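Chain residues, written in single-letter form:
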Amino acid sequence: AQSVTQLGSHVSVSEGALVLLRCNYSSSVPPYLFWYVQYPNQGLQLLLKYTSAATLVKGINGFEAEFKKSETSFHLTKPSAHMSDAAEYFCAVRTAGNNRKLIWGLGTSLAVNP
Amino acid sequence: GAGVSQSPSNKVTEKGKDVELRCDPISGHTALYWYRQSLGQGLEFLIYFQGNSAPDKSGLPSDRFSAERTGGSVSTLTIQRTQQEDSAVYLCASSFGTQETQYFGPGTRLLVL
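A brief structural summary. (Residues numbered from 1 in each chain as written. Chains lettered and ligands numbered in written order. Predicted model: local features only at pLDDT ≥ 70, side-chain atom pairs only at ≥ 80, totals over all residues. Heavy atoms only, no water.)

Regarding the interface of chain A and chain B
Reports of interface size often rely on the accessible area that becomes lost once the parts have come together. For clarity, the threshold we go by: Should any heavy atoms of two residues lie within 4.5 Å, those residues are counted as being in contact. Accessible area that two parts lose when put together, evaluated with a 1.4 Å probe and summed over both, is termed the buried area. In the sections that follow, a salt bridge refers to a side-chain nitrogen of Lys or Arg positioned within 4 Å of a carboxyl oxygen of Asp or Glu. Pairing of N or O atoms within 3.5 Å defines a polar contact, subject to two protein rules: one partner must be a possible hydrogen donor and the other a possible acceptor, and residues neighboring in sequence count only if both atoms are side-chain atoms.
Tallying the contact residues gives 17 residues for chain A and 20 residues for chain B. Of the roughly 1,600 Å² buried at the junction of chain A and chain B (both faces included), carbon and sulfur atoms supply 50%. Note that Asp-56 of chain B and Lys-101 of chain A form a salt bridge whose closest N and O atoms lie 3.5 Å from each other. Where chain A meets chain B, there are 5 residue pairs in polar contact (both at pLDDT 80 or more).

Brief notes about the pairing of strand 9 (residues 88–95) of chain B
On any regular strand, side chains alternate: one points to one face of the sheet, the next to the other face. Residues and elements named next belong to chain B. Definition in use: Each residue is assigned to one of three classes by its accessible area relative to the maximum for its type, calculated with a 1.4 Å probe on protein chains only: buried under 20%, partly exposed between the two thresholds, exposed over 50%. In this description a helix means any DSSP run of H or I spanning at least four residues, a strand means any run of E spanning at least two, and both kinds are numbered starting from the N terminus. Strand pairing is assigned whenever DSSP identifies at least 2 bridges connecting the two strands.
By the criterion of burial, strand 9 is predominantly enclosed, with 8 of the 8 residues buried. Alternating positions in strand 9 separate into two faces, Ala-88, Tyr-90, Cys-92 and Ser-94 on one and Val-89, Leu-91, Ala-93 and Ser-95 on the other, with burial throughout. Note: strand 4 (residues 31–38) against strand 9, 7 bridges, orientation antiparallel. By the bridge assignment, Tyr-33 is partnered in strand 9 with Ala-93. As paired strands, strand 9 and strand 11 (residues 108–112) are joined by 3 bridges and run antiparallel to one another. Opposite Ala-88, over in strand 11, you have Leu-110 as the bridge partner. Of the pairings in the sheet, the one linking strand 9 to strand 10 (residues 103–104) comprises 2 bridges and is antiparallel in character. If you follow Ala-93 over to strand 10, its bridge partner there is Phe-104.

Given below as structure tokens:
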């Protein structure tokens, strides 16, 4: 069975500081991993995905994530936080079964302070 | 369509009433998923459609929950005899086959009083 753990339900950074949101996964097969963002009162938007190609994945809005098999991690980073990055971030792993449903972490709420 | 749409955006109902939530997937997307987002429980899978068939209903919480999809397009999630614990945001996603990225609608926020 697959699972996702996001360390830290709330993260606060200063504008311009590094953003690091942690995600660890458990999977018995090579995983497909995703980061989605949810802005206040909006739907989920795909930030980036890992599908067994390059281990460093670049996404929208300057975010990137690195797949590390040895650490079973897929942490999300951004070098310099903007106020507009304040949102809820979700890490997900896609199941290996035929339906490819997503198994989600509980989310990390990112606050950016001026 | 331009994206996944869901209606209504908000629904307030009394305990014991039935509700229907609608999802219009992106045109041409064959796979459709329903998820539920509850406070403190994160996002959980409910049901998956491939075309009009639902090969995986394993996430439906009880037999009060059902869903159908017609014409390989619109899907309806029905909750009968709603309970307060059904209060949540219900999200729909679609993808072009199960190999592709899932695109999400804005959700329906359900409040059961």
